[in-house]
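Structure at a glance
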Amino acid sequence: MKKVSRKKELSSKQQEGLLTVLRERFEKNMSRHKGLEWTKVQAKLETDPGGELWSLNEMERTGGEPDVIGHDKKTGEYIFYDCSAESPKGRRSICYDHEALESRKEHKPENSAVQMAADMGIEILTEEQYRALQKLGKFDTKTSSWIKTPDEIRKLGGALFCDRRFNTVFVYHNGAESYYAARGFRGSLTV
């Protein structure tokens, strides 16, 4: 999926509030981004050519608690992941994608993970990204999160999700149309 370019903007008061929250989280969780400096991250965010602040605000608004987890030295971009302890509360009870949503005859959820991520301008974590996140802490010990599902699996009606139980990261499968109160999705944003 391509990165969605957003024309959404935040007021200067909203930007200031979001940057304060992000800075405080960054400083509280230095183990997630050793060797990185907030002033450089903030300078990058303040240029905001593609609506990244708006997308980060959507991650925050839906309970994702985004934080910097890496820096691409070649491009100079910073990588944010949802770092909430459990799957973001504002993104739960959703099926995997639009096709799955449309296939439900009754009791349809309000949205799908793929559509919500696109609307927010973020990407759903892959299995590799999810496992990398779990090296930074213990996430989804009571919930689970949809992950980017390979086309071969999706074409057969399935979708993948992960969680952490017994101090181990598990990858599971379900029908893409399924949804549960404890399953959402985690996203990433490159700025």
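Note: the structure precedes this text.
Quick look at the structure, then.

Across all of its chains, the model carries 5 aromatic pairs by this definition. Centre to centre, the rings of W146 and F161 are 6.1 Å apart; their planes meet at 85°, and the pair counts as edge-to-face. Remark: F161 occurs in strand 5 (residues 158-165) and W146 occurs in strand 4 (residues 144-147); sequence separation between them is 15 residues. Given a relative accessible area of 8%, F161 falls into the buried group. Taking 5.1 Å as the distance between ring centres and 20° as the angle between the ring planes, the aromatic pair formed by F161 and Y172 counts as stacked. Of this pair, F161 sits in strand 5 while Y172 is found in strand 6 (residues 168-175), placing the two residues 11 residues apart along the sequence. By relative accessible area, which is 30% here, Y172 ends up partly exposed. Taken together through their ring pairs, the aromatic side chains of Y96, W146, F161, F170 and Y172 make up a single cluster.

Spatially, 1-2-8-3 is the arrangement adopted by the 4 strands of the open sheet, whose pairing is antiparallel. Edge positions in the sheet fall to strand 1 (66-72) and strand 3 (123-124), since each of these pairs with one other strand and no more.

What follows is about the side chain of H33. Structurally, H33 is set in the loop between helix 1 (12-28) and helix 2 (38-47). For H33, a relative accessible area of 2% gives the class buried. In contact with H33, not counting residues within four places along its chain, are F26, D67 and V68.

So, how was this worked out
Residues numbered from 1 in each chain as written. Predicted model: local features only at pLDDT ≥ 70, side-chain atom pairs only at ≥ 80, totals over all residues. Heavy atoms only, no water. Phe/Tyr/Trp six-rings, centres within 6.5 Å; stacked < 30°, edge-to-face > 60°. Helix = DSSP H or I, 4+ residues; strand = E, 2+ residues; numbered from the N terminus. Buried < 20%, exposed > 50% of the residue type's maximum accessible area, 1.4 Å probe, protein only. Pairing = 2+ DSSP bridges. Contact = heavy atoms within 4.5 Å.

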